[in-house]
Structure formats: C-alpha cells, structure tokens
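This is what each chain is made of:
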Amino acid sequence: MSTAIQGEDGLARCPWGLSAPEYIAYHDDEWGRPVRDDQGLYERLCLEAFQSGLSWLTILRKREGFRAAFRGFDPEKVAAFGPDDVARLMADASIVRNRAKIDAAIANARAALDLPGGLAATAWRYADPDAPAHVDMSDVPAYTDGSKALAKELKRHGFRFVGPTTAYALMQACGLVDDHLKDCHRRGAYI
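The structure presented is a predicted model; accordingly, all values stated were derived computationally and were not measured.

The rules behind these values
Residues numbered from 1 in each chain as written. Predicted model: local features only at pLDDT ≥ 70, side-chain atom pairs only at ≥ 80, totals over all residues. Heavy atoms only, no water. UniProt positions renumbered as here; feature names shortened; annotations may be inferred. Helix = DSSP H or I, 4+ residues; strand = E, 2+ residues; numbered from the N terminus. Buried < 20%, exposed > 50% of the residue type's maximum accessible area, 1.4 Å probe, protein only. Contact = heavy atoms within 4.5 Å. Polar contact = N/O pair within 3.5 Å; in protein donor to acceptor, adjacent residues only side chain to side chain. Salt bridge = Lys/Arg side-chain N within 4 Å of Asp/Glu carboxyl O. Core = buried A, V, L, I, M, F, W, Y, C linked by side-chain atoms within 4.5 Å.

1. Here's the deal with the UniProt feature "binding site: Zn(2+)" (unreviewed entry) in the chain
Then step 1. Per the UniProt record, the feature "binding site: Zn(2+)" (unreviewed entry) sits at C14, H27, H180 and C184. For the residues just named, distributed over 171 residues, the greatest C-alpha separation is only 10.2 Å, placing them together at one site.
Then step 2. Along the chain, H27 turns up in helix α1 (residues 21-29).
Then step 3. Since its relative accessible area comes to 0%, H27 is described here as buried.
Then step 4. Residues within four places of H27 in sequence aside, it is in contact with R13, C14, W16, G17, H180, C184, H185 and R186.
Then step 5. Side chain to side chain, H27 and D28 meet in a polar contact 2.8 Å long.
Then step 6. In contact with C184, other than residues within four places in its own chain, are A4, A12, R13, C14 and H27.

Put into structure tokens, the structure is as follows:
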C-alpha cells in the first residue's frame, strides 16, 4: 500500500513513516519541518549525500555517530578538516565510511562558508510551498525543476554530491516542499 496508513495510535502517516520506530519519530517530528539555519541545512545535506545508495534507516541509526564525527556538522569546524581528519573518519565505524562522500562533506562545508548569503538563504529561494498534495507515494517525484535548479546552483558554488534527486530529498526533509501525503496527519503542519 502506498497511500497514507493509519498507525496504532490512530494517526494516518506516509507509509514509509511506519516501517520502523526510528521512521515514526523522524516522520512525525522532523521530516518536512522547516530548517532555516545554515548548520541545520548543512547537516541534512551531508546526511542526504551519505544516504545515496543506502537505506535512510541506516543513516538515522548512525546519525549520532555522524554528529560526533563531523563535530556537530558545524561548517567552520568541518571546513578545517585535513588529511588526519579524513583518516579518522575512514576508520570510524559509527559512520558510513565512503571516501568520496567524506571528501564531499568537507568540500561542501567550505563551499557553504563561501556561499553568498549562506546555505539556508540559497536553498529557501527554491522552496515550493504550493507543491501539490499527493495521494499515493508513486506520485511523489524523485526530483523537480526546482531541485534541478538548486542542485545546479550549489554545484556552481563548488558543492559535491548534490544532484537533483539529493537536492529534492533535502527540500523534502527541510520543509522547502511539503511531500507528506494528502491524508497524512503531518500534511500542511509546518508550512
């Protein structure tokens, strides 16, 4: 079933939001809630990039490890990472140890610091609060014209691992679009 499903608590949720306890909390308390600060957007961007090719549940379960390893996702701290930090991260089993993604997280911190106006202001220029409410998960797009434009803008400023699909996942996670299904109890709750 790919329409909103009623949980044991009587609340209808997007179907992915019921598949594990971590998903219920993430769906109800975070996904789609507007994130308007640079550090928050940077964290979500890093996590979305690390998720590429993996289960989001893997990332949620490793999130505290990521936060510790990447110094709370403070872009200034991560931008200062050097070869010793990369070696430390590659040896850290509490995160996803992928050299290209680690290098991208560091490069993206540096790019975020140099981004005119900041990461949050840039991302929010591509927000689509009027995105249609979908009834079925199969109707939710993998990317949009807005996410293509955001990815292009970020890449122009030196960001890595930010294709249109990753950019759209960031937009969904950070409330730039509301992709909770039409009958989900969180639809329209944040925008």
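More follows now that the structure is in view.
2. Some remarks on the pattern of salt bridges
Then step 1. According to the stated counting rule, one finds 14 salt bridges in the structure shown.
Then step 2. Residues E30 and R44 are paired through a salt bridge, measuring 3.0 Å at the closest nitrogen-oxygen approach. Pair noted here: E30 is in the loop between α1 and α2 (38-51) and R44 is in helix α2, with a separation of 14 residues, a long-range link.
Then step 3. Here R63 ties to E43 by a salt bridge, and the two come within 3.1 Å at their closest N and O atoms. Here R63, found in helix α4 (residues 63-69), pairs with E43, found in helix α2; they are 20 residues apart in sequence, far enough to count as distant.
Then step 4. For R63, a relative accessible area of 7% gives the class buried.

3. Some details on the nonpolar core
Then step 1. Core analysis: the largest hydrophobic core is formed by 52 residues, its most contacted members being L41, Y42, F50, F66, F70, I102 and F159.
Then step 2. Excluding residues that lie within four positions of it along the chain, Y42 makes contacts with F73, P75, V78, A105, I106, N108, A109 and L119.

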